[in-house]
Amino acid sequence: MVNKKKWAIGYAVLCILYFVVSVAVPHDRLESRGLEGIGKPTLKLKTEEITDGTELRFEYLSEEQALSQLSFYFTADEEILSQGEILIEAYDTQTEELLGSETYDVADLGAEAFWGVTFTEEPVNREITVVITGKDVEKGPYVWLNTEAQTSGSSYENGEKLEQNLIYNAVYRMQVHYIRQPLLTTAMLAVLGGMFFLLAGRKAENTGGTEIRDRETGDFVRAKGAAGRFRNLGIWLQSFYKKYRKLLGLGLLMLIVALIFYYVYDVQIREAMNSTHREVVMRDNGELLPVTADSREMVQYYTTEEDELVGLGIRMDLSEDFAGQGTVHAEVRDVTDAEEGVLLCAADVDASTLLDGQYMGLIFDSSQSGIKGHTYEIRLEFSDELLDSGLSVIVTPAGYYGENPLYVNGEESENRLSMNAHTYFNLFLKRYFFAMFLFAEFMAAGFYYLAFLRRCRIEKVFVFTILCLGVIYNFVLTPYMTPDESYHIDMSYRHSNTLLGIESAGENKCYKRQDDTELEFTSSPSLENYKIIYDGLFSMAENDTLVEAEATSTTEAPMIIYLPAVLGMTLARLLHLGTVPMLLLGRWFSLLGFTILTYFGMKKLPFGKTALFLLAVLPMNLQQCTSFSYDAVITGVSFLYICWCVSLAFGEKQVKATDMLGLGILGIILVYGKSGVYLPLALLIFLIPAARFGGKRVRNLCVLGLFLLPVLCFLNQNTATVSYIATTTEATATVGSSTTAGYTIGYFLSQPLELVRMLANTLSDKIAFYLESLVGQKMGWVEIDISEVISMLFWLLLILASLKTKEEPMYIRTGQKWWIVFVCAVCAGLILAGMLLTWTPRGYVSIEGVQGRYFIPLMPALLLVLRNPRLTWDRCAQRGLIYAGFIGQILTVMYLIKGVLVL
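The structure contained in this document is the topic of the report that follows.

A few points about the overall build of the protein
On a plain count of helices and strands, the protein comes out with 21 helices and 28 strands. Judged by the C-alpha coordinates and their principal axes, the protein covers about 100 × 95 × 55 Å. By residue count, 50% of the 903 residues in the protein fall in the buried class. A fraction of 82% describes how many contacts in the protein between residues 6 or more apart in sequence connect residues 24 or more apart.

Regarding the packing of helix 11 (residues 609-616) against helix 18 (residues 788-801)
Running from amino to carboxyl end, helix 11 crosses helix 18 at an angle of 160 degrees, the nearest separation of the two axes being 8 Å. The orientation of helix 11 with respect to helix 18, classified from their angle, is roughly antiparallel. Seen along the crossing, helix 11 lies across helix 18 with a hand that is left-handed. Every residue of helix 18 that contacts helix 11 at T610, A611, L614 and L615 is listed here: L797, L798 and A801. Each residue belonging to the contact of helix 11 with helix 18 can be placed in one class, and the counts come to six nonpolar, one polar and no charged.

Here we look at a nonpolar patch on the surface
A cluster of nonpolar side chains, namely L14, L17, V21 and V25, defines an oily patch on the protein surface of about 350 Å² accessible area. With respect to the secondary-structure elements, L17 resides in helix 1 (residues 4-24). We classify L17 as partly exposed; its relative accessible area is 47%.

Description of the nonpolar core
By size, the foremost hydrophobic cluster in this structure holds 176 residues, and its most contacted members are M660 and I897. In terms of residue count, helix 13 (residues 631-650) provides more of this core than any other element does, 15 residues in total. Residues L318, L362, I371 and V393 belong to the second largest nonpolar core, which totals 38 residues.

Some points on the sheet that holds strand 4 (residues 85-92)
Within a sheet, each strand pairs with its neighbour through backbone hydrogen bonds, oriented either parallel or antiparallel. An order of 5-4-7-2-9-10 is seen for the six strands of this open sheet, with the pairing classed as antiparallel. Both outer strands of the open sheet, strand 5 (98-105) and strand 10 (160-161), are each paired with one neighbouring strand and no more. When strand 2 (residues 55-61) meets strand 9 (residues 154-157), the two strands line up antiparallel, connected through four bridges. Each residue of the ladder has a partner; that of L56, found in strand 9, is E157.

Concerning the pattern of salt bridges
Throughout the structure, instances matching the rule amount to 31 salt bridges. A salt bridge links E122 to R173; the shortest N-O distance between them is 3.0 Å. With E122 in the loop between strand 6 (112-118) and strand 7 (127-135) and R173 in strand 11 (residues 168-176), this pair connects stretches of sequence that are 51 residues apart. On the basis of relative accessible area, E122 is assigned to the partly exposed category, the value being 26%. On the basis of relative accessible area, R173 is assigned to the partly exposed category, the value being 31%. For the salt bridge of R457 with E459, the shortest nitrogen-to-oxygen distance reads 3.4 Å. By relative accessible area, which is 40% here, R457 ends up partly exposed. Members of the salt-bridge network, linked through shared partners, are R29, E31, R33 and E63.

Some points on the environment of T658
With respect to the helices and strands, the residue T658 is situated in helix 14 (residues 657-670). Residues T658 and M195 lie 463 residues apart in sequence; the distance between their C-alpha atoms is 9.4 Å.

A look at the packing of helix 11 against helix 21 (residues 878-900)
Packed helices, taken two at a time, are described by the angle their axes make and the gap between the axes. Relative to each other, helix 11 and helix 21 sit at 5 degrees, their axes nearing to 10 Å. One element, helix 11, and the other, helix 21, form an angle in the roughly parallel class. Along its contact with helix 11, which presents T610, F613 and L614, the element helix 21 presents Q878, L881, I882 and G885. Classifying every residue of the contact of helix 11 with helix 21 gives four nonpolar, three polar and no charged.

Here's the deal with the packing of aromatic side chains
With the rule as written, the count across this model stands at 37 aromatic pairs. Seen in terms of ring centroids, F428 and Y534 are 5.4 Å apart; in terms of plane orientation they differ by 45 degrees. Their pairing is tilted. You can see F428 sitting in helix 4 (residues 428-453) and its partner Y534 sitting in helix 8 (residues 527-536), a full 106 residues away along the chain. Aromatic side chains Y599 and F600 sit 5.3 Å apart centroid to centroid with 75 degrees between the ring planes, which places their arrangement in the edge-to-face category. A relative accessible area of 19% places Y599 in the buried class. Here F600 falls in the partly exposed class, since its relative accessible area comes to 42%. Grouped by ring-pair contacts, the aromatic residues F447, Y448, F452, Y883 and F886 constitute a single cluster. Across from the ring centre of F607, 4.2 Å away, lies the NZ or CZ of R867, which sits over that ring.

Here we look at a negative patch on the surface
On the surface, a cluster of negative charge is contributed by D52, E85, D105, D108, D136, E138 and E550. Residue position: E85 is located in strand 4.

With respect to the side chain of S275
Within the secondary structure layout, S275 lies in the loop between helix 3 (233-273) and strand 12 (276-282). Residue S275 is classed as buried on the basis of its relative accessible area, which comes to 12%. At 2.9 Å, the side chain of S275 and the side chain of N426 are in polar contact.

Digging into the state of the cysteines
One pass over the full model with this rule turns up zero disulfides. For C468, which is in no disulfide, the shortest distance to another cysteine sulfur is to C456 and amounts to 14 Å. The thiol of C643 is unpaired, and the distance to the nearest cysteine sulfur, on C645, comes to 9.4 Å. Taking relative accessible area as the criterion, C643 reaches 2% and is therefore assigned buried.

Some points on unusual backbone geometry
Even without glycine at this site, D388 takes up a positive phi of about 55 degrees. Within the secondary structure layout, D388 lies in the loop between strand 19 (375-382) and strand 20 (391-397). Using a relative accessible area of 61% as the deciding quantity, one classes D388 as exposed. One non-glycine residue, K674, lies in the positive phi region at around 50 degrees.

Observations regarding the sheet that holds strand 21 (residues 406-408)
The antiparallel open sheet is built from six strands, whose spatial order is 17-16-19-14-21-22. With partners counted over all chains shown, the strands left at the sheet margins are strand 17 (342-350) and strand 22 (411-412), one partner each. When strand 21 meets strand 22, the two strands line up antiparallel, connected through two bridges. Its bridge partner lying in strand 22, Y407 is registered against E412.

A look at the side chain of K509
The topology assignment puts K509 in strand 25 (residues 509-513). Accessibility expressed as a relative area gives 12% for K509, which makes it buried. Separated by 3.3 Å, the side chains of K509 and E548 make a polar contact. In contact with K509, not counting residues within four places along its chain, are E102, T118, R494, E548, A549, E550 and A551.

Remarks on the pairing of strand 2
Consecutive side chains along a regular strand alternate between the two faces of the sheet. Only one face of strand 2 is covered, namely the face carrying L56, F58 and Y60; the face carrying E55, R57, E59 and L61 is uncovered. Where strand 2 and strand 7 come together, seven bridges link them in antiparallel fashion. Within strand 7, the residue paired with Y60 across the bridge is I128.

Thresholds applied
- Residue positions are given per chain, counting from 1 as you read along its sequence in written order.
- At least 70 in pLDDT is required for a residue's local features to be given in this predicted model, at least 80 for side-chain atom pairs to be given and counted, and no such filter applies to totals for whole chains, interfaces and linings, which use all residues.
- Water and hydrogen atoms play no part in the side-chain values, which are based on all heavy atoms of the structure.
- Runs of E in the DSSP output that reach at least two residues are strands. Runs of H or I that reach at least four are helices, and both are numbered from the N terminus.
- Accessibility here uses a 1.4 Å probe with only protein chains present; expressed as a share of the type maximum, an area under 20% marks a residue as buried, one over 50% as exposed, and anything in between as partly exposed.
- Any pair of residues with heavy atoms lying within 4.5 Å of one another is described as a contacting pair.
- What counts as an axis is a line fitted to C-alpha atoms, over the stretch in contact for a helix, and the angles between N-to-C directions run from 0 to 180 degrees.
- Angles are sorted into four bins: roughly parallel if under 35 degrees, roughly antiparallel if over 145, roughly perpendicular if 65 to 115, and oblique for all others.
- Each helix crossing is assigned a hand: it is left-handed if the near helix lies turned anticlockwise from the far helix by less than a right angle, otherwise right-handed if that turn is clockwise.
- Three categories are distinguished: nonpolar for Ala, Val, Leu, Ile, Met, Phe, Trp, Tyr, Cys and Pro, charged for Asp, Glu, Lys and Arg, and polar for the others, with Gly belonging to the last.
- A patch is a set of surface residues, each over 30% in relative accessible area and not in a salt bridge, joined within 9 Å for like charges and within 5 Å for the nonpolar side chains Val, Leu, Ile, Met, Phe, Trp and Tyr.
- Each accessible area is a Shrake-Rupley result for a 1.4 Å probe, and residues are judged covered by the shown protein chains and nothing else.
- A pairing counts as a salt bridge when a side-chain nitrogen of Lys or Arg comes within 4 Å of a carboxyl oxygen of Asp or Glu.
- Buried Ala, Val, Leu, Ile, Met, Phe, Trp, Tyr and Cys residues form a nonpolar core when they are joined through side-chain atoms within 4.5 Å.
- Between any two strands, pairing holds if DSSP finds at least two bridges.
- The rule is short: rings of Phe, Tyr and Trp, with Trp giving its six-membered ring, pair when the centres are within 6.5 Å, and they are stacked under 30 degrees, edge-to-face over 60, tilted in between.
- Placement of a charge over a ring requires the Lys NZ or Arg CZ to be within 6 Å of the ring centre, with the centre-to-atom vector within 35 degrees of the ring normal.
- We count Lys and Arg on the positive side and Asp and Glu on the negative side, and we leave His and both chain ends out.
- Throughout, a charge is located at the NZ atom of Lys, the CZ atom of Arg, the CG atom of Asp or the CD atom of Glu.
- Counted as a polar contact is a pair of N or O atoms within 3.5 Å, where, for protein atoms, one must be capable of donating a hydrogen and the other of accepting one, and residues adjacent in sequence contribute only when both atoms are in side chains.
- Here, the term disulfide refers to a pair of cysteine sulfur atoms separated by no more than 2.5 Å.

Following this line, the structure appears as structure tokens:
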């Protein structure tokens, strides 16, 4: 580099300027008041139930800072709330000016939530009175009281002052000048720049190494085709096989894919196609109408709100002594226009086929469309054997569905039958999965062509294979089906808003397009999810007006770990794509980001490319990377970081300034995932020998800098989390968001043998689960079972792929293996410790909440330990191993389809 000293001085000036500007510019910071002393175990007292006659009043003097939001801790007390609204209004106590008001539907409360008002004009040093009342509330929520600390303000219930204050959260917007964060960031920039300028312009030294040709793949030279003449049939067959064996292999692979899809179609898809989509149209409250002589004939009328119907269902209840003898004669008529009505269904249902608590389906002879507002007559006649037999029909009071009368033996009843509507047959599944089959055949043909006909380098085969598999996973495991994806989608939406210049909506809220707030996927497998994708795959946004929508709470997760998904979502919004294509594109971009990172890592590796290929296409890794989860970025960055370290440690090239720059940036990004538990991976840089740096002094400075960068970033990012864990006491330690007490550091410091016992029990009880869930034996929200054979197959392939060939150098020495084991053990220890202190309930004998997928980022390093000089390959088996891995993935897709289509 020419004028290196001048460039370095200029860079230093820019770093100082960044620090000065960052400190000088004020930043908004939100701080809470009113939650002092609050932890889940301390929630003991609450107000009376809030109904129409209840009034809660809270008087509060705001501080000198701007008050942004004032909310209160509501609870349903384990009850199901369904009717009414809670009105929260905030007034200026002196002028009675309305400062803000919000209305909440009690049905949206769930278990617990903070409800309150957000101030458009943020009050400063003003007396505020908040009034909480109910409207049309029969069964209402409660508000928790603070029994642990004296907080500002006074609380009143129906005019009487309460001894304890309401638990409230007053959020203040403060103007602050940050020093620690700019200082640490400047230090990281200085270390990164120092390493770059230290190595920049230095000529690479010849280390005297001997280049080993074809080290990465060990591929054989393409065999020439046989050119003999056809002397007899045997010679002709032999020649034909040699000439077309690769095409025969392609045909065999495509046949295997076809047979697998035909099998899953025959055993699962065909059954799902013949099922119907059902919606409850008249809900019950558990009341029963026994079948007796006084109720042997029932006639229920129902006016439809649906535009299409293929059948109706009546919910039945069977007592324990029900014998199941007799028949139910059922008829359904459309009586909208004709007096006698048009007969749609007539059936004699055998009582032995009835199921307790389930709906007796009455499927029409032909589907009905355009029938919204039509009136249907459902007539049930019970045979003599069913009278007083223990058979009942589940009903609901007439008040809920008064316009749909029920007649029992000719007299109008005060109840209504509990019913559901069959709105359509799931015939779309045939086209949905047939398109998936055609794409799978294309993928198989492309994989075989690249791997065996063109014999491309494994990196290119990897890119094509994983991106195609990602398309299939995107359509099998639909949005919201991977763990915590709703949270990650909201975070990506917030960051997408930032890119588009849209301001934040505040805590627990996000500005979204109107269309995006109306579409609802389920987190559990359901046919409705596939119907949503089928109908909306090529949709365009009809209403892209921004509205304020409920979202997960705002966190400090930076955009960098969501960047690929954010770019995909933002591109879809700029193109005015509908919600379904926006979500699918964002997920596929997430996988694309992981693929790019892993591709460059694989390209750098001097050995072990096959193992990395198989790790990347593990079912669990594909599930996480083909979603909005930041696992895609964190895993991709860890893979690239490990591969880069291995390349510099065991390759033949000298360390360059760009290597230090790249590793420094990757080390910083590593810290942002999973609260920094992958920080110890930065210790892998100690594997790089001094000869690669051109001397011990340069090596020590660079290694120290590379290790300091993620450490400084960790202090910058996770200080609050570490401080919270370190200072948590037994009174405030909880498990997640539950009320269950958890473990603390102080507990284990006082009882160290208890920690040893917990770790021993965890290894004994959970090791099998960790191994299975690392591969993906249970997918989705740990509810879709994949055969254990798949887990065993991928583990076998990973072990075999980690072995070297006889001619290949050993590369890794014993001491280096122990260092790798130490680094991975420290990472694993941090993962276990984090879940022990934040997720494991007090009294449990093993650590809860840890899944095998948390260890995937460590695996490229850990598999290096398996290389040994005794167990080796006679020749390179690279392409055979990735072929077996591809077949394993096709089988995984089969099990996924079977799992998600279980009715």
